[in-house]
Amino acid sequence: MPPDRMTRLVQKVSSGRTFARLAPHVVPALDRAVHRLTRGRVLPSARMLPGVVLTARGAKSGLPRRTPLACMPEEDGWILVGSNFGRPGHPAWTANLLRHPDAEISWQGRDIRVRARLLEGPERERAWSAVVAFWPPYERYQARVDRRIRLFRLEPTSAPET
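Residues numbered from 1 in each chain as written. Predicted model: local features only at pLDDT ≥ 70, side-chain atom pairs only at ≥ 80, totals over all residues. Heavy atoms only, no water.

### Notes on the overall build of the protein
No. 1: Within the protein, the secondary structure is distributed over five helices and six strands.
No. 2: Each helix (α) and strand (β) of the protein, taken in turn from the N terminus, gives the series α-α-β-β-β-α-β-β-α-α-β.
No. 3: Looking at the protein residue by residue over its 162 residues, the buried ones come to 43%.
No. 4: In the protein, once contacts between residues fewer than 6 apart in sequence are set aside, the share between residues at least 24 apart is 66%. (Helix = DSSP H or I, 4+ residues; strand = E, 2+ residues; numbered from the N terminus. Buried < 20%, exposed > 50% of the residue type's maximum accessible area, 1.4 Å probe, protein only. Contact = heavy atoms within 4.5 Å.)

Set out below in structure tokens:
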């Protein structure tokens, strides 16, 4: 199947409610396991969308929490979308970043310290337009939920580690 048709098929499947019910139980677990086994070199969901593994302190526990996430790379950082696969409620990792914005990501096999910033106002609107153009299913996720999907910009705070 040509890449354009494959992308459209994946977008259609990932926009559905069945995907929203199943994916949160399967995708992160698979990503964590493969990422750990390959020492950060492979993230299966990144075949669909670019991805990072975010390590942030828990909002309540303060303990490190590792979460594989899709991202939209930018020239000087990354945008994370708190879509929660179009399910109700903000994903836990967003509360972690609100409470503890200093975090680390594993990006293409490198560990990078970052600082997260919740986007609001016109900056958020520009970023939202960009992420919807980047991955159209986000628009369907937003239409399904009774909350405003949180967007975070991650900016590196130090040189990448190897």
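### Let's talk about the pattern of salt bridges
No. 1: According to the stated counting rule, one finds seven salt bridges in the structure shown.
No. 2: We note a salt bridge from Arg-124 to Glu-125, for which the minimum N-O separation is 3.9 Å.
No. 3: Through salt bridges with shared partners, a single ionic network connects Glu-74, Arg-117, Glu-123, Arg-153 and Glu-155. (Salt bridge = Lys/Arg side-chain N within 4 Å of Asp/Glu carboxyl O.)

### Some thoughts on the side chain of Thr-67
No. 1: Among the secondary structure elements, Thr-67 is positioned in strand β2 (residues 64–74).
No. 2: Excluding residues within four positions of it along the chain, Thr-67 makes contact with Arg-32, Val-52, Val-53, Leu-54 and Trp-93.

### Regarding helix α4 (residues 121–134)
No. 1: An ideal rise of 1.5 Å per residue puts 20 Å on 14 residues; α4 measures up with 20 Å between its terminal C-alpha atoms.
No. 2: Among the residues of α4, those classed as buried are Arg-124, Ala-127, Trp-128, Val-131 and Val-132. One side of α4 holds all its buried residues, which, seen down the axis, span an arc of 135 degrees. Away from the buried face of α4 by more than 90 degrees, exposed residues Pro-122, Arg-126 and Ala-133 are located. (Expected span 1.5 Å × (residues − 1). Arc of directions from axis to C-beta.)

### Structural notes on the packing of α4 against helix α5 (residues 137–144)
No. 1: Where α4 meets α5, the closest approach of the two axes is 7 Å, and the angle between their N-to-C directions is 120 degrees. By the angle between their axes, α4 is oblique relative to α5. Residues Arg-124, Trp-128, Val-131 and Val-132 of α4 pack against Tyr-138, Glu-139 and Gln-142 of α5.
No. 2: Its residues assigned to classes, the contact of α4 with α5 shows four nonpolar, one polar and two charged. (Axes fitted to C-alpha atoms, helices over the stretch in contact; angles between N-to-C directions. Parallel < 35°, antiparallel > 145°, perpendicular 65-115°, else oblique. Nonpolar A, V, L, I, M, F, W, Y, C, P; charged D, E, K, R; others polar.)

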